[in-house]
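The residues making up each chain are set out below.
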Amino acid sequence: MTVTVKICGLSTEETLDAALDAGADMVGFVFFPKSPRAVSNERARQLADQARGKAEIVALTVDMDDAALAAIVETVRPDWLQLHGGESVERVAEIRRRFGLPVLKALGIREAADLAGIGAYAAVADRLLLDAKPPKGATLPGGNGVSFDWHLLDALDPGLAYMLSGGLDAGNVAQALAVTHSPGIDASSGVESAPGIKDPDRIRAFIAAIRGFRPNPDHSRALAGERISS
Ligand SMILES: O=C(O)c1ccccc1N[C@@H]1O[C@H](COP(=O)(O)O)[C@@H](O)[C@H]1O
């Protein structure tokens with residue numbers, strides 16, 4: 001199982017290089033002004049040029065209008081648009097159609113009921129990002145360093161195109177993979193030394209923990225429909 005790894009909220013050449021050298025598949029730039037990781041379009045363009053051809057470039061936006069999205073698409077030339085707000089199913093489909101880019105739609109999860117929208121969003125997005133719902137009073141819709149109960153995903157369609165996020169770091173990501181078998185992993189604050197300050201050592205340790213993860217062979221056999229005796 002090859003896990004797609006995304007490191008989000010990069011804002012310096014040094015930490016971007018750390019992510020690229022460690023083998024990140026996707027790198028994310030945040031265009032949400034309240035975030036300590038926010039970058040301007042021009043700054044993101046410089047970083048994107050550094051990453052282009054080495055990893056897929058993701059522009060993280062929150063309930064953004066078409067004009068602001070168009071400015072990012074034109075200046076930064078991302079490979080993906082991440083929609084991390086309350087965008088409706090119709091709005092996701094519209095953005096995807098208008099900009100001709102694959103869409104990573106974030107959904108906040110806290111309890112089983114939060115999984116109800118997955119099917120409708122999966123029908124219009126190229127990939128889902130299952131993230132923890134922000135804690136009460138949080139000013140950010142993501143990037144809060146909190147996890148949700150990964151066992152909520154036990155009944156998920158194993159073929160669903162999604163990535164897991166929310167409070168993941170080098171110390172817990174193997175357990176997250178063991179529980180969910182997620183095909184993709186995304187982290188921001190778990191690879192930082194302080195909010196908005198990415199740490200090259202933590203980025204390397206995080207990606208090494210993912211690349212070193214070996215799934216339990218019983219799980220793979222069960223997915224293939226084999227009977228597992230105890
Ligand atoms: O990172 C941010 O600042 C951010 C701001 C607004 C929306 C989403 C944001 N981050 C995304 O949230 C996930 C989870 O973050 P964390 O690992 O729990 O800190 C992150 O991977 C980003 O995709």
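Residues numbered from 1 in each chain as written. Predicted model: local features only at pLDDT ≥ 70, side-chain atom pairs only at ≥ 80, totals over all residues.

- Looking at an unreviewed UniProt entry, one finds the protein named N-(5'-phosphoribosyl)anthranilate isomerase, with Kaistia defluvii as its source organism.
- Regarding the protein, the UniProt comment filed under Sequence similarities (unreviewed entry) reads as follows: "Belongs to the TrpF family."
- What UniProt records for the protein under Pathway (unreviewed entry) is the sentence "Amino-acid biosynthesis; L-tryptophan biosynthesis; L-tryptophan from chorismate: step 3/5." (UniProt positions renumbered as here; feature names shortened; annotations may be inferred.)

**Focus on the pairing of strand β5 (residues 103–109)**
Next up, step 1: Along β5, six of the seven residues are buried, which leaves the element largely enclosed by surrounding structure.
Next up, step 2: As paired strands, strand β4 (residues 80–83) and β5 are joined by three bridges and run parallel to one another. In the sheet register, leucine 81 faces β5, and the bridge partner there is valine 103.
Next up, step 3: In this fold, β4 hands off to helix α4 (residues 89–99), which returns the chain to β5; that crossover is right-handed.
Next up, step 4: As defined by bridge partners, β5 adjoins strand β6 (residues 127–132) across six bridges and the pair is classed as parallel. Within β6, the position partnered with leucine 107 by the bridge is leucine 130. (Buried ≥ 20, exposed ≤ 12 C-beta atoms within 10 Å, placed from the backbone. Helix = DSSP H or I, 4+ residues; strand = E, 2+ residues; numbered from the N terminus. Pairing = 2+ DSSP bridges. Right-handed = clockwise from strand over helix to strand, strands pointing away.)

**Quick notes on unusual backbone geometry**
Next up, step 1: Here aspartate 63, not a glycine, exhibits a phi torsion of approximately 45°, which is positive.
Next up, step 2: Despite not being glycine, arginine 77 shows a phi value in the positive range, around 55°.
Next up, step 3: Under the C-beta neighbour-count criterion, arginine 77 is labelled partly exposed, with 15 such atoms within 10 Å.

**Topic: the packing of helix α2 (residues 41–51) against helix α3 (residues 66–76)**
Next up, step 1: In contact at an axis separation of 9 Å, α2 and α3 are set at 35° when each is read in the N-to-C sense. Here α2 runs over α3; the crossing is right-handed. Mapping the contact onto sequence places Asn41, Glu42, Ala44, Arg45 and Ala48 in α2 and Ala71, Ile72, Thr75 and Val76 in α3.
Next up, step 2: Within the contact of α2 with α3, the residues separate by chemical class into five nonpolar, two polar and two charged. (Axes fitted to C-alpha atoms, helices over the stretch in contact; angles between N-to-C directions. Left-handed = near helix turned anticlockwise from the far one by under 90°. Contact = placed C-beta atoms within 7 Å. Nonpolar A, V, L, I, M, F, W, Y, C, P; charged D, E, K, R; others polar.)

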